[in-house]
Amino acid sequence: THIGALRRQQPCHHSVPECFSVPCHVSSLSPPSSRSYRGDNYSDAGGTPSFVRTVKKLHRQQKADLDGAVKIIADSPEIGEAKVGDLVGIRVYKFQMNNQLRLLAYRILDEDAIKLLMLGPHENFYSDLKRQEN
């Protein structure tokens, strides 16, 4: 088993927090039906420290967009573009966050686990990812 990795449950017909068995914290500022992640949930679920720092800075709607992207990746881990060369083994999924393109880098650890590496805009994304990986 991989400690700190996102784990998928089979079958997954629930919201993102339940799919990853990550405790969901309901913010007192949010409407009763909406759920949002606190930044440390991704830490417990398999995000790198730099990924967790980035997530902590996101607004509620941005976190909801990220949760949707993570759910898509969890349902179909091969959806991201496989990288080659210095970034071999890493996949990058592109998605919209507040109508802006964002890239989410992750690594598939095994058939039930992925590790979230980095989130950000395209500008300097790959050079920052290389620096983080080395």
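Residues numbered from 1 in each chain as written. Predicted model: local features only at pLDDT ≥ 70, side-chain atom pairs only at ≥ 80, totals over all residues. Heavy atoms only, no water.

Asker: Please clarify how the overall build of the protein chain should be interpreted in this entry.
Answerer: Looking only at helices and strands, the protein chain features 5 helices and 5 strands. Starting at the N terminus, the α and β elements of the protein chain follow one another as β-α-α-α-α-β-β-β-β-α. Taken across its 134 residues, the protein chain has 40% of its residues classed as buried. Of the contacts formed within the protein chain by residues at least 6 apart in sequence, a portion of 46% connects residues at least 24 apart. For the protein chain, the accessible surface area stands at approximately 7,600 Å², while carbon and sulfur atoms represent 51% of it. (Helix = DSSP H or I, 4+ residues; strand = E, 2+ residues; numbered from the N terminus. Buried < 20%, exposed > 50% of the residue type's maximum accessible area, 1.4 Å probe, protein only. Contact = heavy atoms within 4.5 Å. Areas by Shrake-Rupley, 256 points an atom, 1.4 Å probe, with all protein chains shown as cover.)

Asker: Just checking my understanding: could you explain the pattern of salt bridges for this structure?
Answerer: One side chain can pair with another of opposite charge once the charged atoms of both are near each other. The tally for this structure, following the rule as stated, stands at 6 salt bridges. For lysine 130, the salt bridge goes to aspartate 86, with nearest N and O atoms at 3.7 Å. Here the residue lysine 130 occupies a position in helix α5 (residues 125-133), and aspartate 86 occupies one in the loop between β2 (81-82) and β3 (90-97), the gap between them amounting to 44 residues. Here arginine 107 and glutamate 133 are joined by a salt bridge, their closest N and O atoms 2.5 Å apart. Here glutamate 133 lies in helix α5 and arginine 107 lies in strand β4 (residues 100-110), a separation of 26 residues in the sequence. (Salt bridge = Lys/Arg side-chain N within 4 Å of Asp/Glu carboxyl O.)

Asker: Looking at this model, I keep getting lost on the environment of proline 77. Mind explaining?
Answerer: Mapped onto the fold, proline 77 is located in the loop between α4 (60-75) and β2. Take proline 77: its relative accessible area is 15%, and that puts it in the buried class. A sequence separation of 37 residues divides proline 77 from isoleucine 114, and the C-alpha atoms of the two residues are 7.8 Å apart.

Asker: Is there a simple way to think about the nonpolar core in this case?
Answerer: The nonpolar side chains of a soluble globular protein tend to be buried with one another. In terms of nonpolar packing, the biggest core is built from 15 residues, with Phe51, Leu66, Phe95, Leu104, Leu116 and Leu119 touching the most fellow members. Elements that contribute at least two residues to this core include exactly α3 (49-56), α4, β3, β4 and β5 (113-120). No other element matches α4, which puts 4 residues into this core. With 9 residues, the next largest nonpolar core counts Val92, Leu103, Phe125 and Leu129 among its residues. (Core = buried A, V, L, I, M, F, W, Y, C linked by side-chain atoms within 4.5 Å.)

Asker: Would you explain the confidence of the model for the protein chain in this entry?
Answerer: In regions of low pLDDT, the predicted coordinates are not meant to be interpreted in detail. With 66% of its residues at a pLDDT of 70 or more, the protein chain shows a mean pLDDT of 75. A low-confidence stretch, residues 9-40 stays under pLDDT 50, and its non-local contacts, those more than four residues away or across chains, total 51 contacts. (pLDDT = per-residue confidence, 0-100.)

Asker: Hey, could you run me through the side chain of glutamine 62 in this one?
Answerer: Relative to the assigned elements, glutamine 62 resides in helix α4. With relative accessibility at 14%, the residue glutamine 62 sits in the buried group. Within the structure, glutamine 62 has its side chain in polar contact with the backbone nitrogen of histidine 59 (distance 2.8 Å). (Polar contact = N/O pair within 3.5 Å; in protein donor to acceptor, adjacent residues only side chain to side chain.)

Asker: What exactly am I supposed to notice about the pairing of β5 here?
Answerer: Across a regular strand the side chains alternate sides, sitting on one face of the sheet and then on the other. Within β5, 7 of the 8 residues are buried, which leaves it mostly tucked inside the rest of the structure. Pairing geometry for β4 and β5, over 7 bridges, is antiparallel. Paired with leucine 104 across the strands is leucine 119, a residue of β5. Taken together, β4 and the strand that follows it, β5, pair antiparallel across an intervening segment of 2 residues. (Pairing = 2+ DSSP bridges.)

Asker: Help me understand the packing of aromatic side chains, please; the structure alone is not making it clear to me.
Answerer: How two aromatic rings sit relative to each other is set out by the distance from centre to centre and by the angle between their planes. What the rule picks out here adds up to 2 aromatic pairs. Their ring planes at 90° and their centres at 5.4 Å tell us that phenylalanine 125 and tyrosine 126 sit as a pair that is edge-to-face. (Phe/Tyr/Trp six-rings, centres within 6.5 Å; stacked < 30°, edge-to-face > 60°.)

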